[in-house]
Amino acid sequence: MNVHDRFKDFGKQHCWQYEVRLQNLAEDLEEASLTEEAAGQLRTSDFDFAYVDKTDKDQCDEIKRFIERHEWLGKLPARPTERFTARLRDSQTLAGVVVMATPNAFSHILGKENKSLEKLISRGASISWAPKNLGSWLIMNSVKWMVRNTGYRMFTAYSDPEAKELGTIYQACNFIYLGQTSGTSKQYFDPNNESDGWFSDRDFRKKSKYRKYAENIGIDKVQWKQWMKKYSPNWDIIPAEIKTKIKAEEKKYRDSCLSRPVPSKHKYCYILGRTKSETKQLHNLFKELNPKLYNLPYPRSRGQ
């Protein structure tokens, strides 16, 4: 069953992410050897926060499985970069994760020259028996870790109205609301790869897809690798006739997929400097460059 089919007829007042928690609760409690009463006594002080390096394959695999079970999209982003965990201290049971990634498209809300300051909070989930505020605690610890240890200063995140998301967790963390104008207007579905679920048009331009298009027209892997940049083809050095054929393959694949319209997503951001003066400077820059976005009210109505 793909992601869209799971909630297309969802008529409850809470979001799909919360529905996942309800569905998983009994099994999660049993696996953790917890009663509902014991779980209800837990506080964030009972959990350990940690950064997980990408070289730690066991923990990365565990995080992947956790996202597949507890996060409504059920899969990792295309280019995860940082991972964070919350574990119940006594048993070290994994209870929450945050995964950050490179944005698919940079916001430029601090200016194009500062796009390197932005990081996307791409995935996040808590186990069903976790304290209500574990998710916000984990997000803020992750943001603060990034500020202390990297050059990132702005953290963007999305919530999907189609899954009845408002971004409540980002509101609880005092993120800045940027409006409901983000994301693709159409999603696609490959009938021959149902496990991929619905995806945006960006997927047609993924590195792996371009490699497949090249193979379809007889370009060997060695030659294609010489024409690739890190994530995309270097069109400046690819012969025009090859580029035309590759674009034709992309269109052919797009036309073979089903498509559906989707609502725009809510977008949020959190700006934090390493010092109070840096934070103030960045916030002032945001206000100067985005007067219409400053002090936008949070959305309160669920749904599309």
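Residues numbered from 1 in each chain as written. Predicted model: local features only at pLDDT ≥ 70, side-chain atom pairs only at ≥ 80, totals over all residues. Heavy atoms only, no water.

1. A look at the nonpolar core
Thought 1: Ranked by size, the top nonpolar core spans 42 residues in total, and within it Met100, Ile121, Trp129, Ile139, Val143 and Phe175 carry the most contacts.
Thought 2: Of all the secondary-structure elements, those providing two or more residues to this core are β1 (47-52), α4 (57-70), β2 (80-88), β3 (93-101), β4 (118-126), α5 (134-149), β5 (154-159) and β10 (265-271).
Thought 3: In terms of residue count, α5 provides more of this core than any other element does, 8 residues in total.
Thought 4: If near-sequence neighbours (up to four positions away) are discounted, Ile139 is found in contact with Val98, Ile121, Ile169, Tyr170, Cys173 and Phe175.
Thought 5: With 15 residues, the next largest nonpolar core counts Phe199, Ala214, Trp224 and Met228 among its residues. (Core = buried A, V, L, I, M, F, W, Y, C linked by side-chain atoms within 4.5 Å. Buried < 20%, exposed > 50% of the residue type's maximum accessible area, 1.4 Å probe, protein only. Helix = DSSP H or I, 4+ residues; strand = E, 2+ residues; numbered from the N terminus. Contact = heavy atoms within 4.5 Å.)

2. Focus on the state of the cysteines
Note: disulfide means a covalent bond formed between the sulfur atoms of two cysteine side chains.
Thought 1: Taken as a whole and judged by the stated rule, the model has 0 disulfides.
Thought 2: Cys269 supplies the cysteine sulfur nearest to Cys173, a cysteine that is in no disulfide, at a spacing of 13 Å. (Disulfide = S-S within 2.5 Å.)

3. Details of the packing of helix α7 (residues 207-216) against helix α9 (residues 240-256)
Thought 1: Where α7 meets α9, the axes come as close as 9 Å, and the angle between the chain directions of the two elements is 110°. Taken as axis vectors, α7 and α9 run roughly perpendicular relative to one another. Where α7 crosses over α9, the two elements pack in a sense that is right-handed. Residues Lys209, Tyr210, Tyr213 and Asn216 of α7 lie in contact with α9, whose contacting residues are Ile246, Lys247, Glu249, Glu250 and Tyr253. (Axes fitted to C-alpha atoms, helices over the stretch in contact; angles between N-to-C directions. Parallel < 35°, antiparallel > 145°, perpendicular 65-115°, else oblique. Left-handed = near helix turned anticlockwise from the far one by under 90°.)

4. Examining the packing of aromatic side chains
Thought 1: The final tally for this structure, using the stated rule, is 17 aromatic pairs.
Thought 2: Considering the side-chain rings of Tyr188 and Phe204, the 4.9 Å spacing of their centres and the 80° angle between planes classify their relative orientation as edge-to-face. Residue Tyr188 is located in strand β7 (residues 186-189), and its partner Phe204 is located in the loop between β8 (199-200) and α7; the two are separated by 16 residues in the primary sequence.
Thought 3: Accessibility expressed as a relative area gives 9% for Tyr188, which makes it buried. (Phe/Tyr/Trp six-rings, centres within 6.5 Å; stacked < 30°, edge-to-face > 60°.)

5. Considering the pattern of salt bridges
Thought 1: What the rule picks out here adds up to 11 salt bridges.
Thought 2: Residue Asp28 pairs with Arg69 through a salt bridge whose shortest N-O separation is 2.9 Å. On the criterion of sequence distance, the pair formed by Asp28 in helix α2 (residues 16-31) and Arg69 in helix α4 is long-range, its members being 41 residues apart.
Thought 3: In this structure, the salt-bridge partner of Lys64 is Glu68, at a minimum N-O distance of 2.6 Å. (Salt bridge = Lys/Arg side-chain N within 4 Å of Asp/Glu carboxyl O.)

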